[in-house]
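# What the coordinates show
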Amino acid sequence: MQRIDPARRFAAVAGEVARIAGARTALFCQRRSMGIGFARAFMTPRHVEASGLEPLVFWRQLEAGCAHATADALIATQHWAVLHFRRGSATFDDASLDDAATDIGCTAPAAA
């Protein structure tokens, strides 16, 4: 196994492998249900803390809200970016940030 130090810009010694660096981004969007399963998968303790509620109270309120919401009320659009890395990349393709987001479907059940 080879250790890669991402803090090094390029190899300093002949024969070393150049560092891995960001090369471009790919943008995505997806209409999907944002129910309790989604919340549990993506919300961090920092999100809960920002609510000002105790964690147990926060999750109980969120579960109750999701349980009483209609399926249509839980539909929203998620946007995200995927950073692509390349070994020895000297530049980042800033233009990739201007690309249109790829719309992808969702096969998750409505209650997820």
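Values in this document were obtained by computation on a predicted structure and should not be read as measured data.

Let's shift gears to the overall build of the protein. Secondary structure assignment for the protein yields three helices and three strands. Helices and strands appear in the protein in the N-to-C order β-α-α-α-β-β. Here the protein holds 112 residues, and the buried ones make up 19% of them. Restricting to contacts in the protein with at least 6 residues of sequence separation, those with at least 24 account for 82%.

Next up on the list: the sheet that holds strand β1 (residues 20-33). Taken together, three strands build an open sheet; the order of strands is β2-β1-β3 and the sheet is mixed. Both edges of this open sheet fall to β2 (75-87) and β3 (102-103), since each of them pairs with a single strand only. Sheet analysis places β1 next to β2, joined by 13 bridges and oriented antiparallel. Opposite F28, over in β2, you have W80 as the bridge partner.

Further remarks concern the confidence of the model for the protein. The predicted model of the protein has a mean per-residue pLDDT of 82, with 79% of residues at 70 or higher. Across the protein, the secondary-structure element scoring lowest on mean pLDDT is β1, at 88, and the one scoring highest is helix α3 (residues 55-68), at 96.

The next point concerns the pairing of β1. Note that β1 and β3 share two bridges and pair parallel. Bridged to C29 within β3 is D103.

This paragraph deals with a nonpolar patch on the surface. Nonpolar side chains collect at one region of the surface, where I20, L83 and F85 lie side by side and expose about 270 Å² of accessible area between them. Here I20 lies in strand β1.

It is worth spelling out the environment of S89 at this point. Structurally, the position occupied by S89 is in the loop between β2 and β3. As for S89 and A21, which are separated by 68 residues in sequence, their C-alpha atoms are 5.5 Å apart.

It is worth spelling out α3 at this point. Note on helix geometry: an α-helix contains 3.6 residues per turn, so any two residues three or four positions apart are oriented the same way. When the terminal C-alpha atoms of α3 are compared, their 20 Å separation across 14 residues agrees well with the 20 Å that a helix rising 1.5 Å per residue should span. Looking only at α3, the buried set comprises F58, W59 and C66. The arc that holds every buried residue of α3, seen down its axis, measures 90°, which confines them to one face. Relative to its buried face, α3 has exposed residues pointing more than 90 degrees away, namely L56, R60, A67 and H68. Elements that come into contact with the buried residues of α3 comprise α1 (36-42) and α2 (45-51).

With that out of the way, let us pick up the packing of aromatic side chains. By the definition in use, this model includes three aromatic pairs. Plain terms: the ring middles of F58 and W59 are 5.1 Å apart, the flat faces sit at 90° to each other, and that makes the pair edge-to-face. No difference in accessibility class separates F58 from W59, as the two residues are buried.

Time to look at the side chain of Q30. With respect to the helices and strands, the residue Q30 is situated in strand β1. At 2.8 Å, the side chain of Q30 forms a polar contact with the backbone oxygen of G105. Sequence-distant contacts of Q30, that is, excluding residues within four places in its chain, are made with A76, T77, Q78, W80, D103, I104, G105 and C106.

Conventions adopted
- Residues numbered from 1 in each chain as written.
- Predicted model: local features only at pLDDT ≥ 70, side-chain atom pairs only at ≥ 80, totals over all residues.
- Heavy atoms only, no water.
- Helix = DSSP H or I, 4+ residues; strand = E, 2+ residues; numbered from the N terminus.
- Buried < 20%, exposed > 50% of the residue type's maximum accessible area, 1.4 Å probe, protein only.
- Contact = heavy atoms within 4.5 Å.
- Pairing = 2+ DSSP bridges.
- pLDDT = per-residue confidence, 0-100.
- Patch = residues over 30% accessible without salt bridge, like charges linked within 9 Å, V, L, I, M, F, W, Y side chains within 5 Å.
- Areas by Shrake-Rupley, 256 points an atom, 1.4 Å probe, with all protein chains shown as cover.
- Salt bridge = Lys/Arg side-chain N within 4 Å of Asp/Glu carboxyl O.
- Expected span 1.5 Å × (residues − 1).
- Arc of directions from axis to C-beta.
- Phe/Tyr/Trp six-rings, centres within 6.5 Å; stacked < 30°, edge-to-face > 60°.
- Polar contact = N/O pair within 3.5 Å; in protein donor to acceptor, adjacent residues only side chain to side chain.

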